[in-house]
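# Structural overview
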Amino acid sequence: MLPGETAPSGRSADRAMARRLSQLDRGPLRGEFLSQGSFLYMEEFLPADATARLVAAVAAVEGAVNRNYLPGHKQGGSVSRHTIDELAPFIAELYRSPALTAWLGELAGERLQASPPDDAHAYALYFYTRAGDHIGWHYDTSYYRGRRYTLLLGVIDESSCRLEYELHTREPEVPNLPGSVQYPPGSLVFFDGDKLKHRVTPARAGERRVSLTFEYVTDPRMHAGWRLISNMKDAVAYFGLRQVFGRGRKRSASPSRSDAT
Ligand SMILES: [Fe+2]
């Protein structure tokens, strides 16, 4: 946090992001994003105070983590946006920051918007806290009519887990380029979900890692046929039936979906 700044909350979360983002040179970052096939990593991104508030948010939701296990694909813990809304509203405020959303849109080269209210992945925390917690190779496939972008923010990393990825897998004329990062608290990973093949390597005993995911879309409409399928995937693979279907939440026409890291 810079001298004279106050802790972000509500609109001040947006002001803190606006200040931070004004310090970044967008042109080179946009160039890097494009040259890497719609992928960017920045080790130092969030203001320190925002990172501290995310760490506090993790403590607030730890009793509500939903553990899941899909043999051969993933094992770990998840907390959906619905639980975050109840227990850690700072995350929701950061997700909706107009400054952050606009800046990510400039990186992507197209206007981005928040995912619909009933998308459990719109913002979610992923916990790698037991031996073997991981997620296998996948894309963050968009079930929306438009593209889906993923923003990963490092929150806690006391682990050997690595985000491994392959760039350019959907560009036949460009050789695939493997890479990996072990993104620390406050760092950023931003990519087009349909373009980045990626996984998180297994945690070892005694390790602890928590990652925050934000999902932004270019068109929040979803083909009706995907609705039940994507909600069932979320219930089984991530958040549990109660978080996805429960609590008498009002359903809208645009569901959730997919593999987030
Ligand atoms: Fe993912």
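First, a word on scope: everything that follows refers to the structure included in this document. The model shown is predicted, which means the values in this text are computed figures rather than measured ones.

### As for the overall build of the protein
- Each helix and strand counted, the protein has 7 helices and 12 strands in total.
- A burial count over the protein gives 44% of its 261 residues as buried.
- For the protein, the proportion of contacts with a sequence separation of at least 24, taken over those separated by at least 6, is 83%.

### A short note on helix α3 (residues 48–61)
- Between its first and last C-alpha, α3 extends 20 Å over 14 residues, near the 20 Å set by a 1.5 Å rise per residue.
- Those residues of α3 that fall on the buried side of the exposure criterion are Ala50, Thr51, Arg53, Leu54, Ala57 and Val61. Buried residues of α3 fall within an arc of 160 degrees about the axis and therefore sit on the same side. Exposed residues lying more than 90 degrees from the buried face of α3 are Ala56 and Ala59.

### Observations concerning the nonpolar core
- Counting residues in hydrophobic clusters, the biggest one holds 61 residues, and the most contacted among them are Ile91, Leu104, Leu125, Tyr149, Leu151 and Phe190.
- Residues in contact with phenylalanine 190, not counting those within four places in the same chain, are Leu40, Leu104, Leu107, Tyr149 and Leu151.

Cut-offs and rules
Residues numbered from 1 in each chain as written. Predicted model: local features only at pLDDT ≥ 70, side-chain atom pairs only at ≥ 80, totals over all residues. Helix = DSSP H or I, 4+ residues; strand = E, 2+ residues; numbered from the N terminus. Buried ≥ 20, exposed ≤ 12 C-beta atoms within 10 Å, placed from the backbone. Contact = placed C-beta atoms within 7 Å. Expected span 1.5 Å × (residues − 1). Arc of directions from axis to C-beta. Core = buried A, V, L, I, M, F, W, Y, C linked by C-beta atoms within 7 Å.

By themselves these figures say nothing about function.
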